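Chain by chain, the residues run as shown.
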Amino acid sequence: MNPAPIIPGTLDLLVLKAVSLGREHGYGVLLRIQRASHDALLVEQGALYPALARLEQQGLIESEWGVSENNRRAKFYVLTRDGKARLKSDTADWKRFSAALEQVLATPNLEALA
């Protein structure tokens, strides 16, 4: 199965969720998303690192330098209190949206509703 593209506007939510699972460096965040989706989602590094920087500028995550499991210097991220609130809010919004989308897609004949 080929990985699905990340739907625009969902990468920040995926990153917040991955970071909420515990302190992690950027590449680890990418792997968490891939593993949690059973490799159905592929996050490009070129999109991930700008997202991490954007979320940090918004005060939703914080970073500190540390040493990775490969003994390399890496920037580790944690979720802030504002990040936890945003994750909760965005998750609720996404669930409402996906439930509504599923209902629309399951409707056999949209013209019959008019």
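Above this text is the structure in question.
Residues numbered from 1 in each chain as written. Predicted model: local features only at pLDDT ≥ 70, side-chain atom pairs only at ≥ 80, totals over all residues. Heavy atoms only, no water.

Under the counting rule described, the total for this entry stands at 5 salt bridges. Measuring nitrogen to oxygen at the nearest pair gives 2.4 Å for the salt bridge that ties R96 to D93. Remark: D93 and R96 occur in helix α4 (residues 81-106); sequence separation between them is 3 residues, near one turn of the helix. (Salt bridge = Lys/Arg side-chain N within 4 Å of Asp/Glu carboxyl O. Helix = DSSP H or I, 4+ residues; strand = E, 2+ residues; numbered from the N terminus.)

Looking now at helix α2 (residues 26-36). Turning to α2, its buried residues are G26, G28, V29, L30, I33 and Q34. Buried positions along α2 lie against α1 (11-20), β1 (24-25), α3 (45-57) and β3 (73-79). (Buried < 20%, exposed > 50% of the residue type's maximum accessible area, 1.4 Å probe, protein only. Contact = heavy atoms within 4.5 Å.)

Here we come to the sheet that holds strand β2 (residues 61-67). Either a parallel or an antiparallel arrangement is found when strands of a sheet pair, and the pairing is made through backbone hydrogen bonds. Taken together, the 3 strands give an open sheet; going across it, the order is β1-β3-β2, and neighbouring strands pair in antiparallel fashion. Here the strands that pair on one side only, and so sit at the sheet edges, are β1 and β2. (Pairing = 2+ DSSP bridges.)

Our next topic: the packing of aromatic side chains. What the rule picks out here adds up to 1 aromatic pair. Where W94 meets F97, the ring centres are 5.4 Å apart and the plane angle is 35 degrees; that geometry is what we call tilted. Taken together, the positions of W94 and F97, both in helix α4 and 3 residues apart, correspond to about one turn of that helix. For W94, a relative accessible area of 34% translates into the label partly exposed. R23 extends its terminal NZ or CZ atom over the ring of F76, reaching a point 4.0 Å from the ring centre. Over the ring of W65 we find R73; its NZ or CZ atom is 4.2 Å from the centre of that ring. (Phe/Tyr/Trp six-rings, centres within 6.5 Å; stacked < 30°, edge-to-face > 60°. Lys NZ or Arg CZ within 6 Å of the ring centre and 35° of its normal.)

With that settled, consider the pairing of β2. Sheet analysis places β2 next to β3, joined by 7 bridges and oriented antiparallel. In the sheet register, E64 faces β3, and the bridge partner there is F76. The turn linking β2 back onto β3 is made up of 5 residues, and N71 within it adopts a positive phi angle of 60 degrees.

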